[in-house]
Amino acid sequence: MNYFPDEVIEHIFDYVVSHRDRNALSLVCKSWYRIERFTRQRVFIGNCYSITPERLIQRFPGLKSLTLKGKPHFADFSLVPYDWGGFLCPWIEALAKSRVGLEELRLKRMVVSDESLELLSRSFTHFKSLVLVSCEGFTTDGLAAIAANCRFLRELDLQENEVEDHKGQWLSCFPDSCTSLVSLNFACLKGEVSLGALERLVARSPNLKSLKLNRSVPLDALQRIMMRAPQLADLGIGSFVHDPDSEAYIRLKNTILKCKSITSLSGFLEVAPHCLAAIYPICPNLTSLNLSYAAGIQGSELIKLIRHCGKLQRLWIMDCIGDKGLGVVAMTCKDLQELRVFPSAPYGNPAAVTEKGLVAISMGCPKLHSLLYFCHQMTNAALITVAKNCPNFIRFRLCILEALKPDPDTLEPLDEGFGAIVQSCRRLRRLSLSGQLTDQVFLYIGMYAEQLEMLSIAFAGESDKGMLYVLNGCKKLRKLEIRDCPFGNMALLTDVGKYETMRSLWMSSCEVTVGACKLLAKKMPRLNVEIFNENEQEDCSLEDGQRVEKMYLYRTLAGKRKDAPEYVWTL
Amino acid sequence: MLLLMEKQGLGLGLEITELRLGLPCGEPVEKKEKKEKKRVFSEIQAGDDDDDENSSSEDRKVQTKNQVVGWPPLCSYRKKNTVSQTKKYVKVSMDGAPFLRKIDLAMHKGYSDLALSFENFFSCYGIREALKDADNAEHVPIYEDKDGDWMLVGDVPWEMFIESCKRLRIMKRSDAKGFDLQPKGSLKGFIEGVTK
């Protein structure tokens, strides 16, 4: 098999970058497995409990970049109880003990303690990049340790984390010798930072390309920062409130005119609507615009702004833009690839978006491939039209705010509409369903969604057949998450081998019983089948006939985990 | 089976803070058959249709709107940082009045709107008369900001004011002897709004 010396093969492997391709290489033969092992630098672990850190380090001693995901996706919606798991600590401890030269760590939905951050900052001299998404458990003290100790830090990116503010001036902990920053995002922090320290940090970071500020940074500080960093490409604005007649505002307008390299804009966490005109000059250059946290911007201002953004590829907004506003997006943003429309009130704003807005977008933006759309209503006819206009969807997530709502025109379920989507979009990888749905939609999904990897279902289906259509038909399915559907034991147990081909299965408020879960766990020793028993009673034993409120199962090589809280029963 | 039903409501959602799992009409769950999933779904449909016909919010008072855990599927970070901004209740006290009131600043469009609310709450305590003559107004509206300082209402733009206002107090002018309380800019308009 090997006609070339190892060094040559290694060199060739350098060009193979994606995780999937790398995994494929390692399966070819023993010597390729060996070579691939020692040359692998980037590893992605989609479920931190699928393998132990020790085993990972043993296989990939050359590890430089690690991505870890912890809690199941439905944890985002408060469905996973507190303290379930996903702790970073054992990973950092194991990595620190080994001789791995970790440079990059990307975490999602993990519990990160200050101690872990401190240990991380002291253990890896060449540590460059920390990205935390939807994590919790740490405070600004942990950030201070990272700032103070990581001498070659390039990236500190905090996205949507719950961080306790200890008012310790963490940002001031970056030493004067730190000049390597390329990306800094602290938009999710609630507390104040030293504005002087921030400005000096920006001034000594000539490579800074991405900067996202939090609410506490006022407009005049923003102006001074932008003056010092005209090379910025990605800007997140904190506070954008000022008197339009003030000196500060006029200075800002002039500074903005000089920032021609900004192509990505976000934030506006605090905004006075009459200030938005200041950013019109940079809008024509924008390829990415995220106003999904800008609650202070009214629909009419959003529309005025969008009219200037002809090059947008990615747009995240709130539904106050309305159907008419989406019509403007459709006319203006011909290169649009990704759209997310979020609800501005918990049960939606009645004047917000409906199927009409989505149809308009599909007509104007044929390159659209990723959609997340919260709306009041949807019709089969609209979905069929969208499917015809946009056959390139990779991600299609539709959330009709009122659960179980049928097509308002015909009062029928939305089976046909979603069926059209899966039939037309042959490259669909992710799908989220909503509205009234019968087993029929799952038949369509099983038949047509050949590339589907992740499916999210809520309040849908009529019988076990629905779930079985999906498990039988979707060969590439990796993650299946179901809540409040009438799927039970027969669906769960018909093809137990399927779950080893998947990363995980979540079922809550369905019809599966304890007995069925026990049986599944017994048949499949390489799955962890977890049941959450949140009942207060200590002495309650799980009877076989009892319905399971929440079940999460995942394939693993690590066996039953030792850090599960009391309410988690691993069968 | 506990079936979860989330209903559309104009302005009802935010007032009802109790999270419950249950059928919308409040019937005890034991009565419903587990097996008849389809029937129960259609019962909910029927309930839903009734609501659609009686679209006025008064009729919806009959059915408690149950909030469903984790629905809509919006991540908790996002929920906390966008949706919660639609309400901003602050206490309002008036010197001489026996009890305080609460108003939602987010529901007001500006200072003159706020002045009208004050009039509604405190007219019996003479706020109208008190502010009638701007220069000699007996009462002065002040507010406590995020830093804990007491500020004169009206100096900053409305949006800035809402962001920083923690509570309001309508103070007797006599308590502020020696301070320059000349109404400037917005405050003048505020007083004019009351006395129109």
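Residues numbered from 1 in each chain as written. Chains lettered and ligands numbered in written order. Predicted model: local features only at pLDDT ≥ 70, side-chain atom pairs only at ≥ 80, totals over all residues. Heavy atoms only, no water.

## Some points on the packing of helix α6 (residues 114–123) of chain A against helix α7 (residues 140–149) of chain A
All names here are of chain A. To be explicit about the condition: Convention adopted: a line fitted to C-alpha atoms gives each axis, helices being fitted over their contacting stretch, and angles between N-to-C directions are expressed from 0 to 180 degrees. Secondary structure elements are taken from DSSP: a helix is a run of H or I of four residues or more, a strand is a run of E of two residues or more, and numbering for both begins at the N terminus. Note on angle classes: values under 35 degrees are labelled roughly parallel, values over 145 roughly antiparallel, values of 65 to 115 roughly perpendicular, and the remainder oblique. By definition in these notes, contact holds between two residues if any of their heavy atoms fall within 4.5 Å.
Between α6 and α7, the shortest axis-to-axis distance is 8 Å and the interhelical angle comes to 5 degrees. Taken together, the axes of α6 and α7 are roughly parallel relative to one another. Residues D114, L117, E118, L120, S121 and R122 of α6 lie in contact with α7, whose contacting residues are D141, G142, L143, A145, I146 and N149.

## Observations regarding the pattern of salt bridges
Residue and element names in this part refer to chain A. Our working definition: Put simply, a salt bridge is a Lys or Arg side-chain nitrogen that is within 4 Å of an Asp or Glu carboxyl oxygen. Exposure is judged per residue with a 1.4 Å probe applied to protein chains only, and the accessible area is read against the type maximum: over 50% gives exposed, under 20% gives buried, and values in between give partly exposed.
Applying the stated criterion across every chain yields a total of 33 salt bridges over all chains. A salt bridge links E104 to R106; the shortest N-O distance between them is 3.4 Å. Residue classification places E104 among the buried residues on the basis of a relative accessible area of 14%. The partner of R561 in a salt bridge is D563, with the nearest N and O atoms 2.9 Å apart. When its relative accessible area of 27% is taken as the criterion, D563 is described as partly exposed.

## Quick word on the nonpolar core
Using the following cut-off: The nonpolar core is taken to be a set of buried Ala, Val, Leu, Ile, Met, Phe, Trp, Tyr and Cys residues, with the residues joined through side-chain atoms within 4.5 Å. As annotated, the domain borders come from an automatic or database domain assignment.
Formed by 191 residues in total, the largest nonpolar core has its most connected members in L66, F186, F240, F396, I445 and L492 of chain A. Two domains each donate at least three residues to this core, and these are domain 2 (44–208) and domain 3 (503–513 + 521–570) of chain A. Once residues lying within four places of it in the same chain are set aside, the contact partners of F396 of chain A are L371, L383, V386, F418, I421, L428, R430, L431 and S432 of chain A. One finds L114, Y143, F161 and L168 of chain B within the second-largest nonpolar core, a separate group that totals 18 residues.

## Some points on the sheet that holds strand β5 (residues 167–172) of chain B
All names here are of chain B. Note the threshold: Pairs of strands are assigned from DSSP output, requiring at least two bridges between the strands.
Reading across the sheet, the five strands line up as β2-β1-β5-β3-β4 and stay open at both edges, with mixed pairing between neighbours. Edge positions in the open sheet fall to β2 (101–104) and β4 (150–152), since each of these has one partner strand only. The average angle at which neighbouring strand axes cross in this sheet is 30 degrees, direction not considered. Relative to β4, strand β3 (residues 139–144) runs antiparallel, the two being bridged by three bridges. Paired with E144 across the bridge in β4 is W150. Of the strands in this sheet, β1 (89–94), β2, β3 and β5 are in contact with helix α4 (residues 111–122), which crosses β2 at around 155 degrees.

## Things to note about the confidence of the model for chain B
Note the threshold: Predictor confidence is given residue by residue as pLDDT, running from a minimum of 0 to a maximum of 100.
Mean pLDDT over chain B: 63, with 45% of residues reaching 70 or higher. Both confidence scores are given for the complex: pTM 0.79, ipTM 0.88.

## Here's the deal with helix α16 (residues 439–448) of chain A
Residue and element names in this part refer to chain A. For α16, a buried count of seven out of 10 residues is recorded, marking the element as mostly surrounded by other parts of the structure. Regarding α16, the residues found buried are D439, V441, F442, Y444, I445, G446 and Y448. On its buried side, α16 packs onto α15 (415–424), β17 (430–432), β18 (454–458) and α17 (464–473).

## Overview of the packing of aromatic side chains
For any pair of aromatic rings, the description rests on two quantities: the centre-to-centre distance and the angle between the ring planes. Residue and element names in this part refer to chain A. Note the threshold: Note on aromatic contacts: the rings of Phe and Tyr and the six-membered ring of Trp form a pair at centre separations within 6.5 Å, being stacked when their planes are under 30 degrees apart, edge-to-face when over 60 apart, and tilted otherwise. When the NZ atom of lysine or the CZ atom of arginine is within 6 Å of a ring's centre and also within 35 degrees of its normal, the charge is said to sit over that ring.
Using the criterion set out here, one finds 22 aromatic pairs over all chains in the structure. Ring centres of F74 and W506 lie 6.0 Å apart, and the angle between their planes is 75 degrees; on these two criteria the pair is classed as edge-to-face. Here F74 is found in the loop between β2 (65–69) and α5 (89–97), whereas its partner W506 is found in strand β20 (residues 504–508), with 432 residues between them in sequence. Residue class for W506 comes out buried when judged on its relative accessible area of 2%. Of note, R561 hangs over the ring of W84, and the distance from its end group to the ring centre comes to 4.3 Å.

## Things to note about the environment of A345 of chain A
Its location among the elements puts A345 of chain A in the loop between β14 (338–342) and α13 (355–364). Spatially, the C-alpha atom of A345 of chain A lies 39 Å from that of M490 of chain A, the residues being 145 residues apart in sequence.

## Things to note about the side chain of T379 of chain A
Residue and element names in this part refer to chain A. The condition is simple: What qualifies as a polar contact is a pair of N or O atoms within 3.5 Å, subject to a donor-acceptor requirement within protein and to the restriction that residues adjacent in sequence count only when both atoms come from side chains.
Checked against the element boundaries, T379 lands in the loop between β15 (370–375) and α14 (380–389). Residue T379 is classed as buried on the basis of its relative accessible area, which comes to 3%. There is a polar contact of 3.0 Å between the side chain of T379 and the backbone nitrogen of A382. Leaving out residues up to four positions away in the same chain, T379 has contacts with E355, D407, P408, D409 and L414.

## Topic: the pairing of strand β21 (residues 527–532) of chain A
All names here are of chain A. Most of β21 sits out of view: six of its six residues are buried. Residues L527, V529 and I531 of β21 are buried on one face, and the alternating residues N528, E530 and F532, pointing to the opposite face, are buried as well. Pairing geometry for β21 and strand β23 (residues 568–570), over three bridges, is antiparallel. If you follow I531 over to β23, its bridge partner there is W569.

## Here's the deal with the packing of α15 of chain A against α16 of chain A
Residue and element names in this part refer to chain A. Our working rule: When residues are grouped by polarity, Ala, Val, Leu, Ile, Met, Phe, Trp, Tyr, Cys and Pro land in nonpolar, Asp, Glu, Lys and Arg in charged, and all others, Gly among them, in polar.
As a packed pair, α15 and α16 sit with axes 9 Å apart at the nearest point and diverge in direction by 5 degrees. By the criterion of interaxial angle, the relationship of α15 to α16 is roughly parallel. Contacts between α15 and α16 involve D415, E416, F418, G419, V422 and Q423 on the former and, on the latter, Q440, V441, Y444, I445 and Y448. Its residues placed into classes, the contact of α15 with α16 shows six nonpolar, three polar and two charged.

## Here we look at helix α12 (residues 322–332) of chain A
Residue and element names in this part refer to chain A. Most of α12 sits inside the fold, with eight of its 11 residues counted as buried. Along α12, the residues that are buried comprise G322, D323, G325, L326, V328, V329, A330 and T332. In the core, the buried residues of α12 are packed alongside α11 (299–306), β13 (314–318), β14, α13 and β15.

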